[in-house]
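Chain and residue survey
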Amino acid sequence: RAAPLEGKRIACAKGICLERVKEIKNRFRGSTVNDILSAVLALTLKRYLQEEGDPVLHHWRGISACFSVSLRKPGESLRETFGNRVCNDFMRFPFTEMDSRIDAVWAVKRQIDLVKSSPAAYACDLVLQAVARFLTYGQLAFFLKHCISKYTILLSNVPGPQSSCYFGGEEVDDLHFYTFLPVGCYCGLVSYNGKVSCSFASDANLPDPTHLAERWSEEFERLYDEVSEHRGDLAEPPHTLLPFAPNTASNRLLRVALGAGAA
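Residues numbered from 1 in each chain as written. Predicted model: local features only at pLDDT ≥ 70, side-chain atom pairs only at ≥ 80, totals over all residues. Heavy atoms only, no water.

Helix and strand content of the chain: 8 helices and 10 strands. Residue burial in the chain is summarised as follows: out of 263 residues, 37% are buried. Counting contacts in the chain only where the partners sit at least 6 residues apart, residues at least 24 apart contribute 71% of the total. Summed over its atoms, the accessible surface of the chain is roughly 15000 Å², and 57% of this surface lies on carbon and sulfur atoms. (Helix = DSSP H or I, 4+ residues; strand = E, 2+ residues; numbered from the N terminus. Buried < 20%, exposed > 50% of the residue type's maximum accessible area, 1.4 Å probe, protein only. Contact = heavy atoms within 4.5 Å. Areas by Shrake-Rupley, 256 points an atom, 1.4 Å probe, with all protein chains shown as cover.)

What follows is the structure, encoded as structure tokens:
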């Protein structure tokens, strides 16, 4: 059952096999493990909303999700950044483009590719660095809290150790992470010892997050079966072009300019 907290309720989903996730990933050209896991999450949310009869499923914008993007440069010292140099970005779960589970993978992948190719995170980081020096810590915390609260879901994906860990002489069976911020729902993915788990933390006035947790592994199994039964190439369906292409000269120039400004 969902564990109650003050203003939040939490639930954890059954882990899925990382190797089976990679099997699916290998069927979709250019995809990553993160693309597949995000698609499974999108399918889980879609099924949950269908059962709740939520009209957001029929809106082209779907549901917006906020997540942190690492801006650390290759080889950057962890001592200088304390392990993190991040900025928030967002994507949407495009339910109207998810006619099948295979379509869902492509639709979510396009959203993630848009984030990867867009300079938005670099621009946001540059603006935040410029503004932060004029704000107190309290004002800055209020500003960040206000920005995050504009999204329905907060996402995280943490790669954990891929071998057994021990605590106090006992083997750790599973890992789960939770974040309690002013958003409707937190969805946290974490991989550990060959499995991927998903944790949910929702507002106390929302339906029991256990319903989401139960559908996580079920939707993965349905996606796995649909991909396994599909014969031939899993071709990406037609779609509109992304506003930012990762290799265009204009995008490369903008990234260089933002990087120079941040320096």
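In this structure the tally under the stated criterion is 4 aromatic pairs. On the basis of an interplanar angle of 70 degrees and a centroid distance of 5.3 Å, the ring pair of Phe28 and Trp106 is categorised as edge-to-face. Pair noted here: Phe28 is in the loop between helix H1 (18–25) and helix H2 (33–52) and Trp106 is in helix H4 (residues 101–117), with a separation of 78 residues, a long-range link. Between Tyr178 and Phe180 the ring centres are 6.3 Å apart and the planes differ by 5 degrees, which places this aromatic pair in the stacked class. Given the relative accessible area of 26%, Tyr178 is considered partly exposed. Sitting over the face of the ring of Tyr224, Arg20 holds its NZ or CZ atom 4.0 Å from the ring centroid. (Phe/Tyr/Trp six-rings, centres within 6.5 Å; stacked < 30°, edge-to-face > 60°. Lys NZ or Arg CZ within 6 Å of the ring centre and 35° of its normal.)

As a further point, take unusual backbone geometry. For Asn193, which is not glycine, the phi torsion reads 55 degrees and is therefore positive. Along the chain, the position of Asn193 falls in the loop between strand S9 (185–192) and strand S10 (195–203).

Packed helices, taken two at a time, are described by their axes: the angle between them and the distance between them. Their axes nearest at 9 Å, the elements H1 and H2 cross at an angle of 100 degrees. Judged by the inter-axis angle, H1 sits roughly perpendicular to H2. Residues Leu18, Val21, Lys22, Ile24 and Lys25 of H1 touch H2, and the partners they reach there are Val33, Ile36 and Leu37. Here the contact of H1 with H2 is composed, by residue class, of 6 nonpolar, no polar and 2 charged. (Axes fitted to C-alpha atoms, helices over the stretch in contact; angles between N-to-C directions. Parallel < 35°, antiparallel > 145°, perpendicular 65-115°, else oblique. Nonpolar A, V, L, I, M, F, W, Y, C, P; charged D, E, K, R; others polar.)

Another point: the nonpolar core. Of all hydrophobic cores here, the largest spans 50 residues; its most connected members are Phe93 and Trp216. No other element matches H2, which puts 10 residues into this core. Core analysis: the second largest hydrophobic core is formed by 7 residues, Ile10, Ile148, Val183 and Ala201 among them. (Core = buried A, V, L, I, M, F, W, Y, C linked by side-chain atoms within 4.5 Å.)

Counting all residues, the mean pLDDT for the chain is 82, and 86% of those residues have values of 70 or more. Between the elements of the chain, mean pLDDT differs from a low of 45, seen in helix H8 (residues 249–262), to a high of 95, seen in H1. This stretch, residues 242–263, has a pLDDT under 50; its non-local contacts, to residues over four places away or in other chains, come to 30 contacts. (pLDDT = per-residue confidence, 0-100.)

Here helix H7 (residues 210–229) contains 20 residues, and its C-alpha end-to-end distance of 30 Å stays within 8% of the 28 Å for a straight helix at 1.5 Å per residue. Its axis deflected by about 30 degrees at Trp216, H7 carries its strongest bend there. When H7 is considered as a whole, its buried residues turn out to be Thr210, Leu212, Ala213, Arg215, Trp216, Ser217, Glu219, Phe220, Leu223, Tyr224 and Val227. (Expected span 1.5 Å × (residues − 1). Bend = angle between axes of the 7 residues up to and from the residue.)

Moving on to H2. With 20 residues, H2 should reach 28 Å at 1.5 Å per residue; the first-to-last C-alpha distance of 29 Å fits that figure. For H2, the tally of buried residues reaches 15 of 20 residues, placing the bulk of the element in the interior. Backbone geometry just after H2 places Gly53 at a positive phi near 70 degrees.

This brings us to the pairing of strand S4 (residues 63–70). The side chains of a regular strand alternate between both faces of the sheet. Where S4 meets strand S5 (residues 86–93), 8 bridges bridge the pair, whose relative direction is antiparallel. The residue bridging Ser70 from the neighbouring strand is Val86, located in S5. (Pairing = 2+ DSSP bridges.)

Take the layout of surface pockets next. Considering only enclosed or pocket space, the largest pocket measures out at about 730 Å³ in volume. Around the largest pocket sit 29 residues that line it, and Asn34, Phe67, Ser68, Val69 and Asn157 are the ones nearest its centre. The element best represented in the lining of the largest pocket is strand S6 (residues 153–159), accounting for 6 residues. Tallied by class, residues from the lining of the largest pocket come to 17 nonpolar, 9 polar and 3 charged. (1 Å grid on protein atoms, 1.4 Å probe; cavity = no way out; pocket = protein on both sides within 12 Å on 5 of 7 lines; lining within 4 Å. Points joined across faces, edges and corners; volume = space filled by probe spheres on them.)

For the structure on display, the rule yields 14 salt bridges. Residue Glu97 pairs with Arg92 through a salt bridge whose shortest N-O separation is 3.1 Å. Since its relative accessible area comes to 29%, Glu97 is described here as partly exposed. For Arg92, a relative accessible area of 19% corresponds to the buried category. Bridged by salt links that share partners, the residues Arg47, Glu51, Arg101, Glu214, Arg215, Glu218, Glu219 and Arg222 form one connected network. (Salt bridge = Lys/Arg side-chain N within 4 Å of Asp/Glu carboxyl O.)

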